[in-house]
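Below, each chain spelled out in residue letters.
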Amino acid sequence: MAGHYCVKYKETQNTLKKICELFRVDESDITIKFAVILLGILVFVLFPKQGLEGTKMFLFILKFVVGWIVVFFCAILFNRTIWRKALDATAVGDAEDQYRKRYKMNGGTVYTELDFYEDHFDSVMEKKTRSFQYTQVVKLLESEEAFAVVIKVEPDGVGSPRSMCGFPKDALEQGNIEDLKAFLLERCTNMKRKKVKKF
């Protein structure tokens, strides 16, 4: 029985590239934010503050915070524009590796189906079907060509490994992508970010 929304596609290097790009840019986004925050804390702690009292200390902190915010947003912009080209090139290699591994493991071309039901969704392949509850979803990702649902594999585990179910947007057979996003946002109640992360 098909779900409210159904995705079906044949895995090729091109379809996998779209999904790998989304994974890479999200991973890089997280890394850059963490690095800028950590660097900001180190600079603040290590910067000599002798003679900075009262108003001078307040102005120093104000300038530091403003500068930190500017660097933070510049880093995100860099990641999503200039650095994105390097990530795209990496995604091509990722897609080639994934395609070879999955082709060999499945004994041929892989056909993937995702069915989104009222209370869960299924990832269906010829040799394996996995079911996920919407409470396991921690993030929704979207690029111009792809969409992905990031799942916490062990919902009750701290630091649990995460899995990503991604697909090319044009593989959605029932409904449209905007309706699917609204459907998921209503049900994925454990996401810290209550919206789709777009790249």
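Worth saying up front: this structure is predicted, and the values here are computed from it rather than measured.

1. Some thoughts on the overall build of the protein
Within the protein, the secondary structure is distributed over four helices and eight strands. Its helices and strands taken in sequence order, the protein reads β-α-α-α-β-β-β-β-β-β-α-β from the N to the C terminus. In terms of C-alpha radius of gyration, the protein reaches 21 Å, well past the compact-globule figure of 16 Å for 199 residues. Once the C-alpha set of the protein is aligned to its principal axes, its extents read approximately 70 × 35 × 30 Å. Classification of the 199 residues of the protein by burial places 40% in the buried group. The contacts of the protein with a sequence gap of at least 6 include a subset with a gap of at least 24, amounting to 62%. When the accessible area of the protein is evaluated, it comes to approximately 12,000 Å², of which 61% is carbon and sulfur surface. Of the charged side chains in the protein, 31 are positive and 26 negative; the average position of the first set lies 7 Å away from that of the second.

2. A short note on the nonpolar core
Counting residues in hydrophobic clusters, the biggest one holds 25 residues, and the most contacted among them are F116, F121, V149, F167, L180 and L184. Mapped onto this core, the elements with two or more residues apiece are β1 (5-10), β2 (111-116), β5 (137-142), β6 (146-152), β7 (162-168) and α4 (177-187). Per-element accounting of this core gives the leading share, four residues, to α4. By size, the runner-up hydrophobic cluster in this structure holds nine residues, among which are L87, V138, L141 and A148.

3. A look at a nonpolar patch on the surface
Together, F34, I37, L38, I41, L42, V45 and L46 give the surface a local cluster of nonpolar side chains, amounting to about 710 Å² of exposed area. If you trace the backbone, V45 turns up in helix α1 (residues 13-46).

4. Let's talk about the sheet that holds β7
Here four strands make up an open sheet; going across it, the order is β7-β6-β5-β8 and the pairing mixed. This sheet does not close on itself; its edge strands, each paired only once, are β7 and β8 (197-198). Its contacts with the sheet put α1 on β5, β6, β7 and β8, and the angle it makes with β7 is roughly 135°. α4 contacts β5, β6, β7 and β8 of the sheet and is inclined by roughly 15° relative to β6.

5. Topic: the pattern of salt bridges
Taken as a whole, this structure holds nine salt bridges when the rule is applied. Residue K169 is joined to E142 by a salt bridge in which the shortest nitrogen-to-oxygen separation is 2.6 Å. With a gap of 27 residues between them, K169 in the loop between β7 and α4 and E142 in strand β5 connect regions that are remote in the sequence. Across the salt bridge formed by E142 and K181, the nearest N and O atoms sit 2.9 Å from each other. Here E142 is found in strand β5, whereas its partner K181 is found in helix α4, with 39 residues between them in sequence. Look at E142 and you get buried, because its relative accessible area is 5%. By sharing partners, the salt bridges in this structure join E142, K169, E178 and K181 into a single network.

6. Regarding helix α2 (residues 55-80)
One turn of an α-helix holds 3.6 residues; hence residues three or four places apart share an orientation. An ideal rise of 1.5 Å per residue puts 38 Å on 26 residues; α2 measures up with 38 Å between its terminal C-alpha atoms. Within α2 the residues assigned to the buried category are F60, F64, A75, I76 and N79.

Calculation criteria
Residues numbered from 1 in each chain as written. Predicted model: local features only at pLDDT ≥ 70, side-chain atom pairs only at ≥ 80, totals over all residues. Heavy atoms only, no water. Helix = DSSP H or I, 4+ residues; strand = E, 2+ residues; numbered from the N terminus. Rg over C-alpha atoms; globule rule 2.2 N^0.38 Å. Buried < 20%, exposed > 50% of the residue type's maximum accessible area, 1.4 Å probe, protein only. Contact = heavy atoms within 4.5 Å. Areas by Shrake-Rupley, 256 points an atom, 1.4 Å probe, with all protein chains shown as cover. Lys, Arg positive; Asp, Glu negative; His and termini not counted. Charge placed at Lys NZ, Arg CZ, Asp CG, Glu CD. Core = buried A, V, L, I, M, F, W, Y, C linked by side-chain atoms within 4.5 Å. Patch = residues over 30% accessible without salt bridge, like charges linked within 9 Å, V, L, I, M, F, W, Y side chains within 5 Å. Salt bridge = Lys/Arg side-chain N within 4 Å of Asp/Glu carboxyl O. Pairing = 2+ DSSP bridges. Axes fitted to C-alpha atoms, helices over the stretch in contact; angles between N-to-C directions. Expected span 1.5 Å × (residues − 1).

It is worth stressing that arrangement in space is one thing and function is another; only the former is reported here.
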